[in-house]
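So the chains spell out like this:
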Amino acid sequence: MSLLETRSLSAFYGDFQALFGINVSIEQGETVAIIGANGAGKTTFLRSVAGMLPTKPEMVIFDGKPIGQLTPHDIVRLGIAMVPEGRRLFPSLTVEENLLLGGHSERPGPWSLKRVYELFPRLRDLRHLPAPALSGGQQQMAAVGRALMANPRLLLCDELSLGLAPVVIRDIYQCLDAIIAEGTTVVLVEQDINRALDASTRFYCFQEGHLALTAPTKDFNRAAITAAYFGL
Amino acid sequence: MEADRVERGTRASRAFAVIAAPVLVALVTLPWWWGDPGWMRLIAEMAYYLALAQLWNLLAGYAGLVSVGQQAYVGLGGYALFYLTGPANVNLYLALLLAGPFAGLIAIPVSFAVFRLRGAYFAIGTWVVSEVFALLASLILVLGAGSGLSLTVPILRQISSDRDVRDAVLYLMSLAVAALVFAIVYLLLRSRHGLALTAIRDSEPASASLGVNTFRTKFIVYLVTAACTGLIGALIFLQKLRISPEAGFSINDWTVVVIFMVVIGGIGTLEGPFVGMLIYIMLRELLADYGTIYLILMGAIAIAVMLKAPFGIWGWVVQRYNVQLFPVGRRLVLTASKASER
Amino acid sequence: MNWLNILVQGGLLGGFYALFAIGLSMSFGIMRLVNIAHGDLIVLSAYVALIVTESTGLDPFLSTIVVVPVMFALGYALQRGLLNQTLSGGLLPPLLVTFGISIIIQNGLLQIFGAYDHRLKEGAIETASLQLPGGLAIGAYPILVFAVAVFAIASMQLLFYRTRLGRAFRAVSDDADTAELMGIDNRKLFAMALGIAMVFTALAGILFGIRTIFAPSAGPIRLILAFEAVIIGGLGSLWGTLIGGVVLGIAQTIGAALDPNWQILAGHLAFLAILVARPSGLFPRTRD
């Protein structure tokens, strides 16, 4: 049984349809990349899974149960956490308070404040600073740490590399290995195709709200991706 | 061949005009065929409330200026009339003509202060300004301080020495002012400013970037509304014969129930205030024996409408039956041949 | 004019206004709710205390043990049942719905209690005063009220910065959507926030009812005074609200020293002056 499955997932912003019947299936322990051009529906997909956009119950199945009708706060409790695009740390909270807030659902699991600080030692030194005082990379670490505090079975990462220097991106993706080693299933949404394909075992390529291509990353074919990516 | 054309009228609006015309004629001629003073007073009150509701709707529903301080101009207009006709010994009709402009004049400095505020701040700011006027009125001796002023019989004789004639004149003036306010609001919405207003309501930054002078348009609306509200205030208290700071600047009487009417009827439509006013008057008259139960009901209905049908009763009707009685927009009418090509 | 006296009396009066304002400040800070019914809820608390004292013979101070839970429950229910539905649609829905609640409370009280003035009687402390050197006399009751205000704000501070609930309040105030993603049920949290705001409203109502006579129509002016204190201090700043109350109290006391009739007017004028000069108040905190 898949950990996460979407069945004909459609999503709308008002009258505008952003996703058209997406069927995705993600196994326990996989790291899956979702790639695609701007406006392909990648972020919409994550938001739908996380409960931020209204969907029909059976459109999103998590651990065999329909969750499409649930609110984001219910979905976190089931074990899906999200690192939102643009990090979205709480500006009036300190770094440590942001992390603690990530654990608001009090789901049991391997991650704790201590473990997050072990993963991102720099955050321990900065823990009493307000979140906006951090650099972009440090904020991204805090955002990942905050999501881990929910002890997710499925971690959704939206544009981890956005606006960060290459060396910082490399650090963050290295930490991702430790997270994956913990048994966490990860979905990466990235515009940086190479980065996403390196880190993942399988990928989906979205194009204008439709699923254009899926394949294991080990035998990916750059020409096929380019074709799917740009709709050529 | 018939050309495509741009129209404002709708079939419903033309049908409505056919029904409304005799009703209007009946209302205007009412003093001659049925001069019951009680009914005339009630209809006059309906006319004032309708006018106040149209004005608040223009302010909040179109210009996005959610003021809860319009009672300031009702009170200012009333006090202007009482001061001018009493202590200043000005002719009653001249005083009535001056009451509106006076309120508009006061609105200029007020707008400089409150226009710096946004949203909820604006709302409460306008309220505090009105409280300031009420307190000032209660301190000024020539305005009767806390107890207020009364209109004396000699002043009323300027209208007529015959009581029936006076009642009829006051009644006709109320209809006239309601018609005037309606015409002003209607023409303003059909003018260039009307388009600008709708644009501002939908998105102020976007319309500003398209070159709509949002400040000027809002400023004009605020002044026009204040002046009209002042005139209505003068007429309301001419009928009541007494004014006090509490009665003149009452937020509940002149703003809260008016807001309820607009919201219940349908904010942002010209028809909504009619519907809301009728509901208010009906509730009040039907429940007259039960104290202020009608106000509790008005509040409850307003809450229910806001939560369940935010565009009000009229908005629901429009959605359901697509009718518009006072069209302010323009519609493209395609001729039959072209329409069938599509 | 005795300036020291004015500063002291005005400052103590400010404690009262700050106490009026805490609930309003909190609901604006957390859910951006401008609660027009706030003043009427203060008055309603005084009436609830009146019922409790008259039916049980309890002392008004002790009536707190009944009034506070009742008002907490009312606040929780109001937010859960009505106000949560108004938060996504712009300025008008919350404004109008709280206007509706305000009218319902005012006229409901009028139907039940009539337009008469009532008062909670606490006895000696109402008139007791401390004589200070220099001919300064300070009422014991204003000191008590000021102390309650300081205590209330200090406990809010603790709640916000030392507890899990307070952390969640601050997060929701920052970014409600992301807070949901962290597992916070915003609707429940908002209900909790209005419940807690009403605890302070209940305290304000009881202390108000002991100090002055009250009638069903007494609410709107309390709302305006509370709003003025909040805005002068700067939205979202707790200690700013106390300072806002003190500034308002001193302005009123100066006005009253010139002419007793000018007290409220002087406060309004000071408020408008500050609003025009510094629209975001003296100590702005909240970003919008």
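Residues numbered from 1 in each chain as written. Chains lettered and ligands numbered in written order. Predicted model: local features only at pLDDT ≥ 70, side-chain atom pairs only at ≥ 80, totals over all residues. Heavy atoms only, no water.

1. So, the overall build of chain B
In terms of regular secondary structure, chain B is built from 16 helices and 4 strands. Across the 342 residues that make up chain B, the buried fraction comes to 55%. Considering only contacts within chain B whose residues lie at least 6 apart along the sequence, 79% involve residues at least 24 apart. Of the roughly 15,400 Å² of accessible surface on chain B, a fraction of 66% belongs to carbon and sulfur atoms. (Helix = DSSP H or I, 4+ residues; strand = E, 2+ residues; numbered from the N terminus. Buried < 20%, exposed > 50% of the residue type's maximum accessible area, 1.4 Å probe, protein only. Contact = heavy atoms within 4.5 Å. Areas by Shrake-Rupley, 256 points an atom, 1.4 Å probe, with all protein chains shown as cover.)

2. Digging into the packing of helix H1 (residues 11-33) of chain B against helix H7 (residues 163-190) of chain B
Residue and element names in this part refer to chain B. Taken N-terminus to C-terminus, the directions of H1 and H7 make an angle of 180°; their axes are 10 Å apart at the nearest point. What the angle tells us is that H1 and H7 run roughly antiparallel. Each of Leu27, Val28, Leu30, Pro31 and Trp32 in H1 lies in contact with H7, whose residues at this interface are Ala168, Tyr171, Leu172 and Leu175. Of the residues that constitute the contact of H1 with H7, the class distribution is 9 nonpolar, no polar and no charged. (Axes fitted to C-alpha atoms, helices over the stretch in contact; angles between N-to-C directions. Parallel < 35°, antiparallel > 145°, perpendicular 65-115°, else oblique. Nonpolar A, V, L, I, M, F, W, Y, C, P; charged D, E, K, R; others polar.)

3. Topic: the domain arrangement of chain C
Residues and elements named next belong to chain C. Structurally, chain C comprises domain 1 (38-114 + 176-214) and domain 2 (218-288). Each of domain 1 and domain 2 has a C-alpha centre, and the two are 22 Å apart. Facing 7 residues of domain 1, the contacting portion of domain 2 comprises 6 residues. Contact with domain 2 buries area across many residues of domain 1, yet His38, Gly39 and Phe208 alone supply 52% of it, more than any other trio. The tally of links from domain 1 across to domain 2 stands at 0 salt bridges. If one sorts the elements of the side of domain 1 that touches domain 2 by residue count, helix H2 (residues 38-56) sits on top with 5 residues. When the residues that make up the side of domain 1 that touches domain 2 are grouped by side-chain class, the tally is 3 nonpolar, 3 polar and 1 charged. (Domains from an automatic or database assignment. Buried area = accessible area lost by both parts, 1.4 Å probe. Salt bridge = Lys/Arg side-chain N within 4 Å of Asp/Glu carboxyl O.)

4. Considerations on the confidence of the model for chain C
Interpretation of this model should avoid reading the predicted coordinates in detail wherever pLDDT is low. Looking at chain C as a whole, the pLDDT averages 92, with 98% of positions reaching at least 70. Mean pLDDT across the elements of chain C ranges from a minimum in strand E1 (residues 129-132) of chain C, with 82, to a maximum in helix H3 (residues 64-81) of chain C, with 97. (pLDDT = per-residue confidence, 0-100.)

5. Side note on unusual backbone geometry
The phi torsion at glutamate 106 of chain A lies on the positive side, around 55°, for a residue other than glycine. For glutamate 106 of chain A, the position within the fold is in the loop between helix H3 (95-102) and helix H4 (113-119). Classification of glutamate 106 of chain A as exposed rests on a relative accessible area of 58%. One non-glycine residue, arginine 32 of chain C, lies in positive phi territory at about 55°. Residue position: arginine 32 of chain C is located in the loop between helix H1 (3-31) and H2. Using a relative accessible area of 27% as the deciding quantity, one classes arginine 32 of chain C as partly exposed.

6. With respect to the interface of chain C and chain B
Tallying the contact residues gives 40 residues for chain C and 40 residues for chain B. In this assembly, chain C packs against chain B so that about 3,500 Å² is buried in total across both faces, 85% of it on carbon and sulfur atoms. When the area that chain C buries against chain B is broken down by residue, the three leading residues are Leu92, Leu96 and Phe99 of chain C, summing to 17%. At the surface where chain C touches chain B, the tally comes to 0 salt bridges. Summed over the shared surface of chain C and chain B, the number is 4 residue pairs in polar contact (both at pLDDT 80 or more). Listed by contribution, the elements that provide at least two residues to the side of chain C that touches chain B are helix H4 (92-113), helix H9 (219-233) and helix H11 (263-277) of chain C. Considering every element that reaches the side of chain C that touches chain B, the biggest residue donor is H4 of chain C, with 15 residues. (Polar contact = N/O pair within 3.5 Å; in protein donor to acceptor, adjacent residues only side chain to side chain.)

7. Topic: the sheet that holds strand E2 (residues 16-26) of chain A
Residues and elements named next belong to chain A. With antiparallel pairing, 4 strands are arranged side by side in an open sheet as E2-E1-E4-E5. Looking at the sheet topology across the chains shown, the edges are occupied by E2 and strand E5 (65-66). In terms of strand pairing, strand E4 (residues 60-62) meets E5 through 2 bridges, oriented antiparallel. Following the sheet pairing, isoleucine 61 is matched in E5 by proline 66. Contacting strand E1 (4-13), E2 and E4, helix H1 (residues 42-49) crosses the sheet at an angle of about 110° to E1. (Pairing = 2+ DSSP bridges.)

8. Regarding the sheet that holds strand E7 (residues 154-158) of chain A
Residues and elements named next belong to chain A. Taken together, 6 strands build an open sheet; the order of strands is E6-E7-E8-E3-E9-E10 and the sheet is mixed. Here the strands that pair on one side only, and so sit at the sheet edges, are strand E6 (80-83) and strand E10 (210-216). Averaged over all pairs of adjacent strands, the angle between their axes in this sheet comes to 20°, without regard to strand direction. For strand E9 (residues 202-207) and E10, the ladder comprises 6 bridges, and the chain directions are antiparallel. Looking at E10, one finds that phenylalanine 206 is bridged to leucine 211. Contacts between helix H6 (residues 136-148) and the sheet are confined to E6 and E7, with E6 contributing the most and set at about 170° to the helix.

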